[in-house]
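Each chain, written out:
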Amino acid sequence: VNKSQLDLGSYQNLLDEFVPHAQKELKYDRPVTIIFISDKDNMKNTLGRTGFYDPTSDTVGLYTDGRHIKDILRSLAHELIHHTQNCSGRFNLDAHTTELGYAQKNPHLRNMEREAYEKGNMLFRDWEDNYKRKKPIKLRITK
C-alpha cells in the first residue's frame, strides 16, 4: 500500500524480487501488509522512525521521505524478521510494547531486536549480492 510520495513504479522490480525471496528464506506462513508512509515531520526529526511492525495486524510500515531505496529495503528486511517472529508465536501480544527503552528494559524484546538487526541485514545483504550478480553492472568510466 503506497501512502507515500515515493514512486514505487521505479522500484517495483526490486520489491517483486525481494519480498518473495524474504518469504522463501524466512518461511513465514501468513501474508504481511506493507505500507509505504510519508511523514514530513518524521523526516525532519534526525532520530525519526524508519519503520515499524504491528503484530496485531501483520503490518509493516516503512517511512520513505528523504530515504534511499536501499535503506528502505533494509528496513523492510528488519521488519520482516519481526513478522517471522510473530508468525512463529514469539511475540507476546499482551506484553508487546515499543515505548522508549523497551529494547534495553525487556530481555526478550532485546533479543528479538538483536535477531531482527542481524538476520534482517544479512537477509538483505545476501539478496542484494545475488541480485547484482544476476544483473549486468554498468561501470561508468570518467576521464
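See the structure printed just above.
Rules used in this analysis
Residues numbered from 1 in each chain as written. Predicted model: local features only at pLDDT ≥ 70, side-chain atom pairs only at ≥ 80, totals over all residues. Heavy atoms only, no water. Core = buried A, V, L, I, M, F, W, Y, C linked by side-chain atoms within 4.5 Å. Buried < 20%, exposed > 50% of the residue type's maximum accessible area, 1.4 Å probe, protein only. Helix = DSSP H or I, 4+ residues; strand = E, 2+ residues; numbered from the N terminus. Contact = heavy atoms within 4.5 Å. Phe/Tyr/Trp six-rings, centres within 6.5 Å; stacked < 30°, edge-to-face > 60°.

Peer 1: Outline the nonpolar core, listing residues and values.
Peer 2: In terms of nonpolar packing, the biggest core is built from 29 residues, with Phe-18, Leu-73, Leu-76 and Leu-80 touching the most fellow members. Residue assignment for this core shows that the elements contributing at least two residues are helix H1 (12-26), strand E2 (33-37), strand E4 (59-63), helix H3 (69-87) and helix H5 (107-134). Of all the elements, H3 adds the most residues to this core, at 8 residues. Excluding residues that lie within four positions of it along the chain, Phe-18 makes contacts with Leu-73, Leu-76, Ala-77, Leu-80, Leu-123, Phe-124 and Trp-127.

Peer 1: Explain the environment of Leu-109 to me, and be specific about the residues and the numbers.
Peer 2: Structurally, Leu-109 is set in helix H5. Accessibility expressed as a relative area gives 7% for Leu-109, which makes it buried. Spatially, the C-alpha atom of Leu-109 lies 9.7 Å from that of Arg-90, the residues being 19 residues apart in sequence.

Peer 1: Which residues make up the packing of aromatic side chains, and what are the values?
Peer 2: Counted according to the given criterion, the structure contains 5 aromatic pairs. Taking 5.9 Å as the distance between ring centres and 70° as the angle between the ring planes, the aromatic pair formed by Phe-18 and Phe-124 counts as edge-to-face. Here Phe-124 lies in helix H5 and Phe-18 lies in helix H1, a separation of 106 residues in the sequence. Looking at Phe-124, the relative accessible area reads 4%, which means it is buried. Among the aromatic residues, ring-to-ring pairing joins Phe-18, Phe-124, Trp-127 and Tyr-131 into one connected group.

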